[in-house]
Structures are given as C-alpha cells and as structure tokens.
Amino acid sequence: MAGFGRLAAKVLVAMLLLVEAAPAQEAERRIVPTPDADYFGHDYDILRDVDENVCETACLSDNRCKAFTLNRSSGWCFLKEDVGELRQTPGALSGRIVLATIAAPGAVAARERLLPFLPASLIDAARGIEAQTRKLFEVCRLRSVPIITFVNKVDREGRPVFELLDEIADILALDVAPMSWPIGMGGEFEGVLDLETGGVSRPEGDSRNFQGRVDQDVTLSERFAEEVELAQAGYAAFDGEAYRNGDLTPVYFGSALKDFGVAELIDALARHAPPPRPQPAEPAPIAPDADEVTGFVFKVQANMDPNHRDRIAFMRLCSGTFKRGMKLTPTGHGKPIAVHSPILFFAQNREVADEAFPGDIIGIPNHGTLRVGDTLSERADIRFTGLPNFAPEILRRVALKDPTKTKQLRKALDDMAEEGVTQVFYPEIGSNWIVGVVGQLQLEVLISRLEAEYKVAAGLEPAPFDTARWVTGEAADLKAFADVNRGAMAKDRDGNPVFLAKSAWEIGYVADRYPKVRFNATRER
C-alpha cells in the first residue's frame, strides 16, 4: 500500500482529455497562448500600437522569436528570443512557439479514404473540451506542468474519435503520441490495444469489465487494423523531452469504471512523470534539494468522512524531508502548527505518512486553519506563487428557503468556496448572495451538499449578471469607480472588490471608460 500511496502522491496531472496530433510529415510553427501572464525577459524587439493578431503574426513570421507578451492596454508587443519564466500578469497575453507536426497531402488523403469505414459511434465524450478542462489546462500552462491524457468511457457511445482529436488539437495546440487504441467503441467495444506491447485487454463477464485477460499476437479485423495503422503512421512517436516541455502528451484509452487502461495510466505516470522541479516563490524559487521543508496547499476537501466531518488540506511538498509530528508555519496566520497525522491517499485508501519527500502530496487534517494557496515552511518568510482563481462562467443567486439558516448558509458557502466547488460574492447592495461556477455540474453539487451536509434548504435563481472581474488599481481610482457602479459591486470571500457585469461586452465598455482600473479574469490566491 505504501508504494501505491507514494506513486499516487507523485502524480503531476492526468486530465480526462481527448487530444489529436496531425500526421507527422512537416513542422509548423504554432502559438500556445496563455492569458494574464508574461514570459519574463529575453526581449529583442518591441512593436507599438498593435493588436493581438499583429503581435502573433510578427512572432510566427520571425524564426528568432520563441515567445511574445502583449500588453493589451498599451498595445505594446514584446518579441522574445527565448522562453523565460511565466509570471502571472493580469491584462497581458503571452504566447510561446511550438513546432507542431502537420500532415502531408498524401497522409490527409489516406485519412479521408478511411473516414467512411470508421465506426459511427465511438467514445462518450459528446461535449468535447468543457470550460473546466480549459481552465485546468491554463493552470498547467501557467506552471509548465506536463500532461498525460486519458480518454475515458471508450465502452460507451459518443462522438467519432478523430472528430474529438481534431477539436482538442486545435484548442490545446499539443502533439499527441497514442500509447493505446480502442478496438471498437460502445456496442462494438472489443478491448484496448497496447501499441507498445501489442496486447489487447479484453472485457469479460456480464458486466464487460476488465478482469485481467490480455491476448497477445491478435489479428485485428481489416477496419480496426487500418485505424491502428493510420494512428501509428500519422501521429507523433512518444518523446520524453517534448512531453516534459509541455509540447506533447501521451494518450491512453480506457474506461475508469470498468478498469480498462487504469493500470497503464498509473504505470505511465511512474515511468514518464518528471522529477520534482524548482517552484516559483517569493523571495526566490525553491529548489527540491533545499534542506528546509516547504510546501503549498492546493486543495481543501471537507466531509470526506461524513461520520467525522473531517477537513483535509492537501499539501504538495516542494523541498526538504518531512517527518511526522514536525511543526510548520502557514503564511495565513504565522502560528506554527504540529502535523501529527499526515495522510497519504490512494483512491479511497488512506495511510499515515511517517515521512514524505519533494513531489509527495500529503493530507493534513485541520479545522479551518489551512486554506488553498497557503505556504507551509519551517520559517515564515517564504510564499509560493502561481495559484490562481479564475473568473466564473455562470452566476446564480442563492435563495434561502428558511431565513433562520442564514448563518449556516454563509458557513457552507465559505467552506465550498474554499474547496473550489464554487466562488461566492457578497453584493454591496442587496441581501441575496451570488455564487459563481465554471460548469453547471458544480451548481448541482452545491445544492446537494447544502442539504446533505449542512441541512440547509436553498434554491438557485437567475442572477442579473453574466460574469465577474476582480478590480484593482489605486485606492482613489477604485473608490471613484465603486461609487458610480455601486449596484454592480460585490466582495469575494476574502474581501476583494469584484465588478459584476451583465455581459463580456459591458466589461470592455467599462474598461475603456475607466483606464486606470484593471479588470482581472484571474486573481492569485
């Protein structure tokens, strides 16, 4: 169990994505954009009074250019001859150049000839890339985190696999190295082919689960053989360096519910995930070989065990050797806390961690002492950076059915905002609090947990606003702006001022009227 716990703790990211790389014949310069960020340093030229399209075109057309940063407010485009440290900079747009493989005409023609013979119904991924996935990918790019891709639910019906691969390649601008391939989808599902070993994992029993049967030297039907041949010939081969640089993602197919591809995914993480790297921090980055124990809280989960109403803060250890019982000081309040019962997790299993090393993730039970974004260290003079909050995509008013439960509702909303389930905004005018989420599912989770865990009956009503932005600037400028727009102003759970807008157009309009006020789509925790 200890080995599995340590392995799970060292996982960087494995997103449920579907990604495509075009058949590899030629190299094409592409831009991987990152909003609200700046590639620091390495400027060799400045273009003034330009827009996003001109800035991107200038970088793409100059082989010397490896990255750029566009200051949207001033229209200055900084062309860079190297890719420097990515720093969070609200209002800026950065991009780096990657060499993406593109298909030669012959490969495209071969692919088009095969399309009519592909199965009509493939994986259960009809929605493609959702907003939550895009936000997660932005975080990965902000921290240069390599990505291993897992295509889930291949045993169900859905959109054609190549259609999904094309969509994700266009949005994420990643090359893909297929490591496995589904033999049929949905009702035609016959197993998953390991492209490295040639073995096919087969479904068994009435439930069609994977129970350990792997057939070797399998002769595939003509249709699936052509599919696999096209995938191997057209997509990039796995390259460890490109993967660690964030330019390529190995992709695995499977079904988490029925155990297809799960062991291969975990094995891939153990084999390919890079070792711990220096983490951005103030006053200086923290190297993993530093002696002092440091780490940061990236997730808080309440009520993992409903019988005990526990609260776990997940800390990523960045340096030093952690020992059970040692005292660490969080940046939140500066008082040392003794970590007596650190936990390693693997799925639903837990074990007490007597020690942990850089790259490990440990759970720290607490009662509200630790929050997402807190830095823990043996001293209190270090703060890790680069943990952003994103502006919500959906806003709703919370309607409390029992007015006597106001205190419980506020605690519940604060708890779930701290976990990241929702964000909560308290309007300057009016008593109905507003919750913000990225996807509709989060709203359903919110209502369910309010009733089940906090015994609070509440409903959701449409809010008169469509999106939110954190506002920053000089105190006098912020006060003048807030006085005029009092009906659209709110505070988040940390007391930061937030502007609630009826549309994205309104944000642009108001930003033009108040050039000294910055409207931020992200805010560092």
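Scope of this entry: the structure provided in the associated data block. (Residues numbered from 1 in each chain as written. Predicted model: local features only at pLDDT ≥ 70, side-chain atom pairs only at ≥ 80, totals over all residues. Heavy atoms only, no water.)

Attention now goes to the overall build of the protein. Per the secondary structure count, the protein includes 12 helices and 35 strands. Buried residues in the protein amount to 50% of all 525 residues. Taking all contacts inside the protein whose residues are at least 6 apart in sequence as the whole, residues at least 24 apart take part in 74%. When the accessible surface of the protein is totalled, it reaches about 24,800 Å², and 51% of it is carbon and sulfur. (Helix = DSSP H or I, 4+ residues; strand = E, 2+ residues; numbered from the N terminus. Buried < 20%, exposed > 50% of the residue type's maximum accessible area, 1.4 Å probe, protein only. Contact = heavy atoms within 4.5 Å. Areas by Shrake-Rupley, 256 points an atom, 1.4 Å probe, with all protein chains shown as cover.)

Opposite charge on two side chains permits pairing when their charged atoms draw close. This structure, assessed with the given rule, holds 25 salt bridges. Note that R371 is salt-bridged to D494, the shortest N-O span being 2.2 Å. Taken as a pair, R371 in the loop between β23 (361-365) and β24 (375-377) and D494 in the loop between β32 (489-492) and β33 (497-501) lie far apart in primary sequence, 123 residues in all. With relative accessibility at 37%, the residue D494 sits in the partly exposed group. One salt bridge connects D494 with R523, and the closest N-O pair in it is separated by 3.2 Å. A residue pair is termed long-range when its members are at least 10 positions apart, and D494 in the loop between β32 and β33 and R523 in strand β35 (residues 522-524) qualify at 29 residues. We classify R523 as buried; its relative accessible area is 17%. Connected via shared salt-bridge partners are R371, D492, R493, D494 and R523. (Salt bridge = Lys/Arg side-chain N within 4 Å of Asp/Glu carboxyl O.)

Its volume calculated, the second largest pocket comes out at about 940 Å³. What lines the second largest pocket is a set of 36 residues, and nearest its centre among them are D36, R72, P90, G91 and F519. Among the elements of the structure, β2 (26-39), β4 (67-71), β5 (76-80), β6 (86-102), α4 (131-142), β31 (467-472), α12 (504-513) and β34 (518-520) are those that each provide at least two residues to the lining of the second largest pocket. Taken together, the residues of the lining of the second largest pocket sort by class into 15 nonpolar, nine polar and 12 charged. (1 Å grid on protein atoms, 1.4 Å probe; cavity = no way out; pocket = protein on both sides within 12 Å on 5 of 7 lines; lining within 4 Å. Points joined across faces, edges and corners; volume = space filled by probe spheres on them. Nonpolar A, V, L, I, M, F, W, Y, C, P; charged D, E, K, R; others polar.)

Read across the sheet, eight strands follow the order β30-β27-β29-β28-β32-β33-β31-β34 without closing on themselves; strand pairing throughout is antiparallel. Edge positions in the open sheet fall to β30 (458-462) and β34, since each of these has one partner strand only. Averaged over all adjacent pairs, the angle separating strand axes in this sheet is 40°, with direction ignored. In the sheet, strand β28 (residues 423-427) pairs with strand β29 (residues 434-437) via three bridges, with the strands oriented antiparallel. The residue of β29 that forms the bridge with V424 is V435. Seen against the sheet, helix α11 (residues 475-484) touches β31, β32, β33 and β34 and runs at an angle of roughly 145° to β31. (Pairing = 2+ DSSP bridges. Axes fitted to C-alpha atoms, helices over the stretch in contact; angles between N-to-C directions.)

The next point concerns helix α8 (residues 262-272). Taken together, the buried positions of α8 are L265, A268, L269 and H272. All buried residues of α8 fall inside an arc of 100° around its axis, so they share one side. (Arc of directions from axis to C-beta.)

Throughout the structure, instances matching the rule amount to 14 aromatic pairs. Judged by centre distance (4.9 Å) and plane angle (80°), the rings of F481 and Y514 are edge-to-face. Taken as a pair, F481 in helix α11 and Y514 in the loop between α12 and β34 lie far apart in primary sequence, 33 residues in all. Residues F481 and Y514 agree in their burial class; the two are buried. When the ring of F481 is compared with that of F519, the centres are 5.5 Å apart and the planes differ by 80°; the resulting orientation is edge-to-face. (Phe/Tyr/Trp six-rings, centres within 6.5 Å; stacked < 30°, edge-to-face > 60°.)

Bringing the environment of N520 into the picture now. Take N520: it is sitting in strand β34. A relative accessible area of 6% means that N520 is categorised as buried. A distance of 3.1 Å separates polar atoms of two side chains, one belonging to N520 and the other to T472. (Polar contact = N/O pair within 3.5 Å; in protein donor to acceptor, adjacent residues only side chain to side chain.)

To continue, consider the nonpolar core. Within the largest apolar cluster, 24 residues are counted, with the highest numbers of intra-cluster contacts made by L395, V471, F481, F499, L500, V517 and F519. Broken down by element, the residue count for this core peaks at four residues, all from β33. Look past the residues within four positions of F481 in its chain and what remains in contact with it is V471, M489, F499, V510, Y514, V517 and F519. In terms of nonpolar packing, the next biggest core, distinct from the first, is built from 21 residues, M185, L230, F253 and F260 among them. (Core = buried A, V, L, I, M, F, W, Y, C linked by side-chain atoms within 4.5 Å.)

Turning to its location among the elements, P285 is positioned in the loop between β14 (281-282) and β15 (294-302). For the pair P285 and R383, spaced 98 residues apart in sequence, the C-alpha to C-alpha distance is 9.5 Å.

Going through the model one piece at a time under the given rule, you end up with two disulfides. Sulfur-sulfur distance for the disulfide between C55 and C77 comes to 2.0 Å. Because the sign of the S-S torsion sets the handedness, a value of about 70° for the bond joining C55 and C77 places this disulfide among the right-handed ones. Taken together, the residues span a long stretch of sequence, with C55 in helix α2 (residues 52-61) and C77 in strand β5 at a distance of 22 residues. Like C77, C55 is buried. (Disulfide = S-S within 2.5 Å.)

Let us look at unusual backbone geometry. Each neighbour pair has its own omega, and for E282 with P283 the value is 10°, a cis peptide bond. Positioned with a positive phi, D49 is a non-glycine residue whose angle comes to about 55°. Structurally, the position occupied by D49 is in the loop between β3 (43-47) and α2. On the basis of relative accessibility, which here comes to 69%, the residue D49 falls in the exposed class. Positive phi outside glycine occurs at K455, with the angle close to 55°. As for its placement among the helices and strands, K455 is situated in the loop between α10 (440-454) and β30.

Once that is clear, we can look at the sheet that holds strand β11 (residues 200-204). With antiparallel pairing, the four strands of this open sheet are ordered in space as β9-β10-β11-β12. Edge positions in the sheet fall to β9 (180-183) and β12 (209-215), since each of these pairs with one other strand and no more. The mean angle between the axes of side-by-side strands here comes to 30°, regardless of whether they run parallel or antiparallel. With four bridges joining them, β11 and β12 adopt antiparallel strand pairing. Considered in β12, the bridge of S201 is made with V214.

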